[in-house]
Amino acid sequence: MARKTPNTKPQQGIEARRAAVQLLNAVTVKKRLLSEVSGPKGPLGKLDAADKARAQRLALDTLRNLDRADRILGPFLRRRPPEEVHNILRLAATEIFVEQAPAHGVGNALVAIAREINATSHSAGMVNAVVRRLGELETEKWNNLPVPRLPKWLRKPLIADYGKATVEAIEQSHANGAPLDLSFKADAKLPEGERIPTGSLRIKDAGQVTALEGYQDGGWWVQDAAAALPVNILAPKKGETILDLCAAPGGKTMQLASAGADVTAVDISESRMGRVRENLARTKLTAKTTVSDALEFKEGSFDAILLDAPCTATGTIRRHPDLPYAKDGSEFPGLFELQEKMLDHALTLLKPDGRLVFCTCSLLFDEGEIQVEDALKRHPNLTVDKDALLVEGVEPEWVSKEGGLRIRPDFWSDIGGLDGFYIAVLRQKL
């Protein structure tokens, strides 16, 4: 099947392509997350809105298809090129086979970009030759490649937890990307979308978020359906005192506040707490915000606590395909230990008859099932409330043997999937 040729000139979009290459280098060379380099001082800072959006899309699509790009480039490379050169070629493959852009236009722009950079200028001729070769291939060559695999450092522990077949299904969900999910107030003016079983509003091909109906009214906020479940499971009641530990960027804080709870939101980062305050102001919701290390926060006697603990975020790769290439797993042990300390400390801030929802946006058992199993051993008076998990839309088979809720990206794949999450409700016996 021949590729479609869009109505664009070959040299259009060179600014967006240049920024996309810089974003890729930030992730795979400097090992930084896209969120860390997407501010005004980063590669996107001087771009207009259209080029900024395109650069982000190109970088995300390339990262999502990195394994596939490397496979299709392999026969044209005698040896693995320097990473900066490799990223230019990966972008070329993604544009040609995902965006179906004409190879000559892609080649002209990327050769010009290669010549601008000291680390790649000597490879401009090779870039030109390889892009020409890519342009001679049929789209089916790309489509017949295996689903992009996760890097070995992450794939290996996931296979140990789930088995190869499940990991392959998760990888397919990562390759598919993620639609936009919204949480909302009861009286919100909402854009057109599909209400999914857990109650979130799902929008496919959403475009610019701030242009969606109701954004300026503040009746809704962006939040993956899986990320909305911890508050649904906590089931806040009007007037309850609830502590939201590690609250940024504020989606769960807004859920709690919209239910009428008396919310205290805590986060260690002043800048991240600034985002929580901005989101609260836009949605016209109220919560007490405190910048503090969660382990040093001493106010106690809360009716309920939501601990969305710092974690590897391996459940969010369908939306953040940069994570497997910016990280290498070396931070795992420190995060596991921090989660354990936070869970123990949070229990000291809870009323005797209160409930603690512990959750992580992780796929790793070490950050979910095993954390709860270990907590039950450390605290003989601690119990797991399985019944609290069965809220609207939750499938009973998602409940794991220790009593938590395990959500995977391949669940509901026919309607766009979910982020990976683990959620457990803990209570202390009186």
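Residues numbered from 1 in each chain as written. Predicted model: local features only at pLDDT ≥ 70, side-chain atom pairs only at ≥ 80, totals over all residues. Heavy atoms only, no water.

(A) Structural detail: unusual backbone geometry. Note the cis peptide between A248 and P249, where omega equals 5 degrees. Looking at the element boundaries, P249 is found in the loop between strand 5 (241-245) and helix 12 (251-258). Notably, K31 is not glycine yet its phi reads approximately 60 degrees, a positive angle. The backbone phi angle of A235 is positive, close to 55 degrees, even though this residue is not glycine. The topology assignment puts A235 in the loop between helix 11 (225-234) and strand 5. (Helix = DSSP H or I, 4+ residues; strand = E, 2+ residues; numbered from the N terminus.)

(B) Seen up close, the pattern of salt bridges. Going through the model one piece at a time under the given rule, you end up with 31 salt bridges. Where E171 meets R155, a salt bridge forms, and the shortest distance between an N and an O atom there is 2.7 Å. Here R155 lies in helix 9 (residues 152-162) and E171 lies in helix 10 (residues 164-176), a separation of 16 residues in the sequence. Overall, E171 belongs to the buried group, its relative accessible area being 3%. Its relative accessible area of 9% is what places R155 among the buried residues. A salt bridge links R318 to D419; the nearest nitrogen and oxygen atoms lie 2.8 Å apart. In this pair, R318 is assigned in the loop between strand 8 (302-308) and helix 14 (323-326) and D419 in the loop between strand 11 (405-407) and strand 12 (421-428), connecting sequence segments 101 residues apart. Judged on exposure class, the residue R318 and its partner D419 are both buried. Each member of the salt-bridge network shares a partner with another, and the members are D70, R80, E83 and R90. (Salt bridge = Lys/Arg side-chain N within 4 Å of Asp/Glu carboxyl O. Buried < 20%, exposed > 50% of the residue type's maximum accessible area, 1.4 Å probe, protein only.)

(C) Looking closely at the sheet that holds strand 1 (residues 180-184). Strands sit in the order 2-3-1-4 across an open sheet of 4 strands; the sheet is antiparallel. Since the sheet does not close on itself, it has two edges, and those belong to strand 2 (194-195) and strand 4 (220-222), each with one partner. In the sheet, strand 1 pairs with strand 3 (residues 201-203) via 3 bridges, with the strands oriented antiparallel. Paired with L180 across the strands is I203, a residue of strand 3. (Pairing = 2+ DSSP bridges.)

(D) Looking closely at the packing of aromatic side chains. Considering all chains together, one arrives at 8 aromatic pairs under this definition. An aromatic cluster of three or more residues is present, and its members are W153, F332 and F336. The side chain of R282 reaches across the aromatic face of Y215, ending 4.2 Å from its centre. (Phe/Tyr/Trp six-rings, centres within 6.5 Å; stacked < 30°, edge-to-face > 60°. Lys NZ or Arg CZ within 6 Å of the ring centre and 35° of its normal.)

(E) Spatial organisation of the packing of helix 6 (residues 103-116) against helix 7 (residues 124-135). Where helix 6 contacts helix 7, the axes come no closer than 9 Å and their chain directions differ by 165 degrees. In terms of axis orientation, helix 6 runs roughly antiparallel to helix 7. Crossing angle aside, the handedness with which helix 6 passes helix 7 is right-handed. Along the contact surface, helix 6 presents A103, V106, G107, L110, V111, A114 and R115, while helix 7 presents A124, V127, N128, V131 and G135. (Axes fitted to C-alpha atoms, helices over the stretch in contact; angles between N-to-C directions. Parallel < 35°, antiparallel > 145°, perpendicular 65-115°, else oblique. Left-handed = near helix turned anticlockwise from the far one by under 90°. Contact = heavy atoms within 4.5 Å.)

(F) Representation of the side chain of E95. Along the chain, E95 turns up in helix 5 (residues 83-97). Here R54 takes part through its side chain, which lies 3.2 Å from a polar atom of the side chain of E95. Every residue in contact with E95, bar those within four places of it in the chain, is listed here: R17, R54, L58, Q100, A101 and V106. (Polar contact = N/O pair within 3.5 Å; in protein donor to acceptor, adjacent residues only side chain to side chain.)

(G) View of the confidence of the model for the protein. Residue-level pLDDT values for the protein average 95, and 97% of them are 70 or greater. Long-range and interchain partners of residues 1-10, a stretch whose pLDDT sits below 50, account for 21 contacts in this model, where long-range means more than four residues apart. (pLDDT = per-residue confidence, 0-100.)

(H) View of the pairing of strand 5. Judged by how many residues are buried, strand 5 sits mostly within the fold: 4 of 5 residues are covered. Two strands pair when backbone bridges link them, and strand 5 and strand 8 are joined in this way by 4 bridges, in the parallel orientation. When the sheet's bridge partners are listed, L243 is paired in strand 8 with I305.

(I) Region of interest: the packing of helix 15 (residues 332-348) against helix 16 (residues 369-378). Where helix 15 contacts helix 16, the two axes come as close as 11 Å, and the packing angle between them is 45 degrees. Classified by the interaxial angle, the pair formed by helix 15 and helix 16 is oblique. Crossing hand, helix 15 versus helix 16: right-handed. Residues F336, Q339, E340, L343 and D344 of helix 15 form the contact with helix 16, whose participating residues are Q371, A375 and R378.

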